[in-house]
Amino acid sequence: MKKYVFSFGNGAADGDGTMKDLLGGKGAGLAEMSRAGIPVPPGFTISTEVCNIYFQNNNRVPEEIHQQILEALAKLESQIGKRLGDPENPLLVSVRSGAKFSMPGMMDTILNLGLNDETVEGLARRSGNPRFAYDSYRRFIQMFGEVALNIDMAKFDQIFERRKHKVGARLDTQLSAEDLKAIIGQFQSLVQKETKAPFPQDTGVQLAMARDAVFRSWWNPKAVYYRKMEKIPDEIGTAASVQAMVFGNMGETSATGVGFTRDPATGEKKFYGEFLINAQGEDVVAGIRTPQPISELEKVMPEAYAQLREITTRLEHHYRDMQDFEFTIEENKLYMLQTRNAKRTGPAAVRVAVDMVEEGMIDKREAVLRVQPQQLDQLLHPVFEPKSLQQLTLLATGIDASPGAAVGRAAFTADDAVEMSKSGPVVLVRKETTPDDIHGMDVAKGILTAVGGKSSHAAVVARGMGRPCIVGAGAININEKARQFTVSSGGKTWTVKEGDWISMDGSSAQVYLGQAKTTLPDPKSGYFAKLMAWADEFRGKFGVRANADIPRDAKVARLYGAEGIALCRTEHMFFAEDRIPHMQAMILARDEKSRKNALKKLLPMQRRDFAGLFEAMDGLPVIIRTLDPPLHEFLPKREDLMVDLARLSYAGAKVKKEMSAKYGIPVAELKKKLPELLRRVEELHEFNPMLGHRGCRLGITYPEITEMQARAIFEAAVQVKKKGVEVIPEVMIPLAGSAKEIEHQKNIIVRVAGEVLSKAGLADLHYLVGTMIEIPRAALTADKIAETAEFFSFGTNDLTQTTMGLSRDDYTKFSKEYENLKIFKADPFAAIDQEGVGKLIEMAIQLGRKSRPDLEIGICGEHGGEPSSVEFCYRAGMNYVSCSPYRVPIARLAAAQAAIAGDKSEMTRTA
């Protein structure tokens, strides 16, 4: 029979570190450490395949697989010399989830399984420590009750806190054995009440129920949300590792902790972590107690600390990556419970990758592949302007868990954060976060907790998400019920209520009352610049350009490494206050002469805009798209006009003055001009403007618009060229579906260019005229279009709408259902639909290059900054991608990774 259960421990293992698909990250790490002779408590891993079989088999594990589990359990009992359920010498185990990809805190764990009313007494006798035995039992009932029996954890917590209050205990460790026995009795009563059955005493039943509960946790809401957020496939399932317990809660010679071989927030090469004496692992990650820094362990348990340093250094060199590890010390003996490649912030990812190259651990190619493109966004996190902080009140200082500055309104629950984020930025403020808060953490700009350390849930998840985070801010006293927190210092008390603005700096761990101003860091220095230089080496000739409409955006684009502008939307320039009246005059004109007069006034303004772009991009190509949107977008809304026209007959002087300013019509002419304006708006009204009178159709109907824009482009080119600046203009015709449309518009552009350039003595200035491919017919007839067009630029936003029959604006109304049912692999407006839209793109590229082999091809929709779409564009044979200026670094790295993957594929094919 196929093997589904894999044992590990005592220097041997059935699996190894390469088997993450089957054993999950945790199971693979345990197997690899066992093989390396590292002290790992023995156990066995039930594979991810069993998880999927469990759900396919009506939430049941088949008997033949259950028998494999029992055989692995018998092997474990033999290794340990203890038996599960033995009242004299009981074996206790943990049951932990572990998928291929790390999902910190999203699935379930149960510790101390194997305890019941008999075995707890045996544990007490054998350990000679009744308090330890009862503490372990109450923890087991609590965890099993929540995970396997679905009892609200808060009900257990209330019982526990009531007992602490009754006996005056501030810390859990101050409760006596008798106190814990009383709590166990109350916990069992709670289980009876909630489930109508006693707490299960059969340890075999406990193990089966815990295993099944871990599998079910794969589909709990927080795990589903996290997978969606991190783009982790649903079908991979989780493994379940069953491992002999070692105890960090046996007294002052025992401890538990978590750590990293480098700082996961900054990437600095320093031993980093936290521990608690006389505790179990969940106490550290749950943030229930604020732990001690791992450096303190050297003072209290020097031998265990030295061994921990030696083992974790070996692990980092073995895996050639920063490690995230968990350990327990039982009566001065060290055990490793987990190692895995660590989650880290964007800045840490970049620094670790660069440092490891310089340490000779990895090469530049691997360094480029190590950093996820989306993580670069975090390196461009805003930082506070120091002067703005001087005007704010410093409320508290906590522990720096994840860097970056965040400004937002205080929200005290995850649900409130989601709701408040719809109207502006929020900072999630919690005593401590739990995995159930994941949706609130996702929308928050920053996360602030009153308790917890650098390894708490809030810290680990925030770093993975790239959110600024401060934990352990003990000065803040949170009242979740009242939706506020207070801070008292120096005889003063400040109260921060829901909706109040706070500013937090995840690097300095300081929290301020009020709104600080932020600024962006320099992207051309340090580790970031070095990694991006390596990325550009591997990217080769595949270009990254930017979408920019004004010189300021063009300068930002160059700062972030853009190699040109692939989309300048000229219509955005017409909405400026000094231009809209002339644009409206052109639209309202009833004859060509009047239109041309209005366009003459716009010409110098457009020329000035284009000149600014050419100067900013000195020597790099600038693609300028001719007018695209329908004309009614430049006029007042029909509904507003109808309302104001109805009000005009009884409006007073003040209201008429407001109308005059609103429409740019003198008060005396409102009565005559408003109805004319309404008539023109109604004439231009369209039932489906997206497919209506727009794009090249406007230029064909009103060729004088195209003529004015072409003249502005080439006059600006001449003006800038004569200053000694290199100019590479490219003119793009939008929404073309046939070669004849492009021929019509290109003839105008070429004629105007010839006139302007010949007059200036620059007839040899090189320029291109191309088109956007954004409707299916253009893609299907790309061979014909390429006979006229000198470049293609895929406008994937409109191409997605027209290919899929989806409105980008209306899709959001039902997108959640489509995502839940997995109808689309991803939001098609966020990542290119490669099965449908992608096939059209590939077809258009092949047809276009058939007619014009040197055809320049790129993409200018926002898909150009999304990593999977960049990889697709590279494979499809494009020359470049383009995106917003701030996403240029992401596209550069994604392009480098696509090029490296392409090289590997080519090597495989050749071999």
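The rules behind each value
- Residues numbered from 1 in each chain as written.
- Predicted model: local features only at pLDDT ≥ 70, side-chain atom pairs only at ≥ 80, totals over all residues.
- Heavy atoms only, no water.
- Pairing = 2+ DSSP bridges.
- Helix = DSSP H or I, 4+ residues; strand = E, 2+ residues; numbered from the N terminus.
- Axes fitted to C-alpha atoms, helices over the stretch in contact; angles between N-to-C directions.
- Core = buried A, V, L, I, M, F, W, Y, C linked by side-chain atoms within 4.5 Å.
- Buried < 20%, exposed > 50% of the residue type's maximum accessible area, 1.4 Å probe, protein only.
- Contact = heavy atoms within 4.5 Å.
- Disulfide = S-S within 2.5 Å.
- Polar contact = N/O pair within 3.5 Å; in protein donor to acceptor, adjacent residues only side chain to side chain.
- Phe/Tyr/Trp six-rings, centres within 6.5 Å; stacked < 30°, edge-to-face > 60°.
- Lys NZ or Arg CZ within 6 Å of the ring centre and 35° of its normal.
- Salt bridge = Lys/Arg side-chain N within 4 Å of Asp/Glu carboxyl O.
- pLDDT = per-residue confidence, 0-100.
- Left-handed = near helix turned anticlockwise from the far one by under 90°.
- Nonpolar A, V, L, I, M, F, W, Y, C, P; charged D, E, K, R; others polar.

(A) Geometry of the sheet that holds strand β19 (residues 476–479). Pairing is antiparallel across the open sheet formed by three strands, whose spatial order is β19-β20-β21. Every interior strand has two partners, whereas the edge strands, β19 and β21 (492–497), have only one. Each neighbouring strand pair of the sheet contributes to a mean axis angle of 20°, computed without reference to strand direction. Pairing between β19 and strand β20 (residues 484–489): four bridges, direction antiparallel. From the neighbouring strand, isoleucine 476 faces β20, where its bridge partner is valine 487.

(B) Broad picture of the nonpolar core. Counting 109 residues, the largest nonpolar core has Phe614 and Phe794 as its most contacted members. Leave out the neighbours within four places in its chain, and phenylalanine 614 touches Val622, Ile624, Ile713, Ala716, Ala717, Val720, Val725, Glu726, Val727 and Pro729. Counting 87 residues, the second-largest nonpolar core is a separate cluster that includes Met106, Leu115, Ile447 and Ala462.

(C) Just the state of the cysteines, in detail. On inspection of all chains with the given rule, the structure shows zero disulfides. Distance from the sulfur of cysteine 696, which forms no disulfide, to the nearest cysteine sulfur (cysteine 860) is 15 Å. Classification of cysteine 696 by relative accessible area gives buried; the value is 1%.

(D) Region of the structure containing the side chain of asparagine 116. Inspection of the secondary structure puts asparagine 116 in the loop between β5 (109–113) and α4 (119–127). Overall, asparagine 116 belongs to the buried group, its relative accessible area being 7%. Here glutamate 118 takes part through its backbone nitrogen, which lies 2.9 Å from a polar atom of the side chain of asparagine 116. Setting aside chain neighbours within four positions, we find asparagine 116 in contact with Tyr137, Gln201, Thr203 and Gln206.

(E) Up close: the packing of aromatic side chains. The final tally for this structure, using the stated rule, is 21 aromatic pairs. Measuring from ring centre to ring centre gives 4.9 Å for phenylalanine 714 and tyrosine 767, while their planes differ by 70°; the resulting arrangement is edge-to-face. With phenylalanine 714 in helix α29 (residues 703–721) and tyrosine 767 in the loop between α30 (739–760) and β29 (768–773), the pair connects residues that are 53 residues apart, well separated along the chain. Taking the relative accessible area as the measure of exposure, phenylalanine 714 reaches 0% and is therefore buried. Against the face of tryptophan 218 rests arginine 227, its NZ or CZ located 3.9 Å from the ring centre. Of note, arginine 545 hangs over the ring of tyrosine 880, and the distance from its end group to the ring centre comes to 4.0 Å.

(F) Structural context of the pattern of salt bridges. All told, the structure shown has 62 salt bridges when counted by the stated rule. Several salt bridges converge on common partners, so that one network encompasses Arg320, Asp321, Arg344, Glu366 and Arg370.

(G) View of the confidence of the model for the protein. Overall, the prediction assigns the protein a mean pLDDT of 92, with 98% of residues at 70 or greater. In the predicted structure, residues 907–911 sits below a pLDDT of 50 and forms zero contacts with residues beyond four places in sequence or in another chain.

(H) Representation of the packing of α4 against helix α5 (residues 130–147). Relative to each other, α4 and α5 sit at 145°, their axes nearing to 8 Å. Note on packing geometry: the crossing formed by α4 with α5 is right-handed. Residues Val120, Glu121, Leu123, Ala124 and Ser127 of α4 lie in contact with α5, whose contacting residues are Pro130, Phe132, Ala133, Tyr134 and Tyr137. Of the residues in the contact of α4 with α5, the class split is eight nonpolar, one polar and one charged.

(I) Molecular detail of the sheet that holds strand β10 (residues 323–330). Pairing is antiparallel across the open sheet formed by five strands, whose spatial order is β9-β8-β7-β10-β11. Single-partner strands in this sheet number two, and they are β9 (292–293) and β11 (333–341). Across eight bridges, the pairing between β10 and β11 is antiparallel. In the strand pairing of β11, phenylalanine 325 is matched with threonine 339. The strands touched by helix α12 (residues 302–319) within the sheet are β10 and β11, with β11 carrying the most contacts at an inclination of about 25°.

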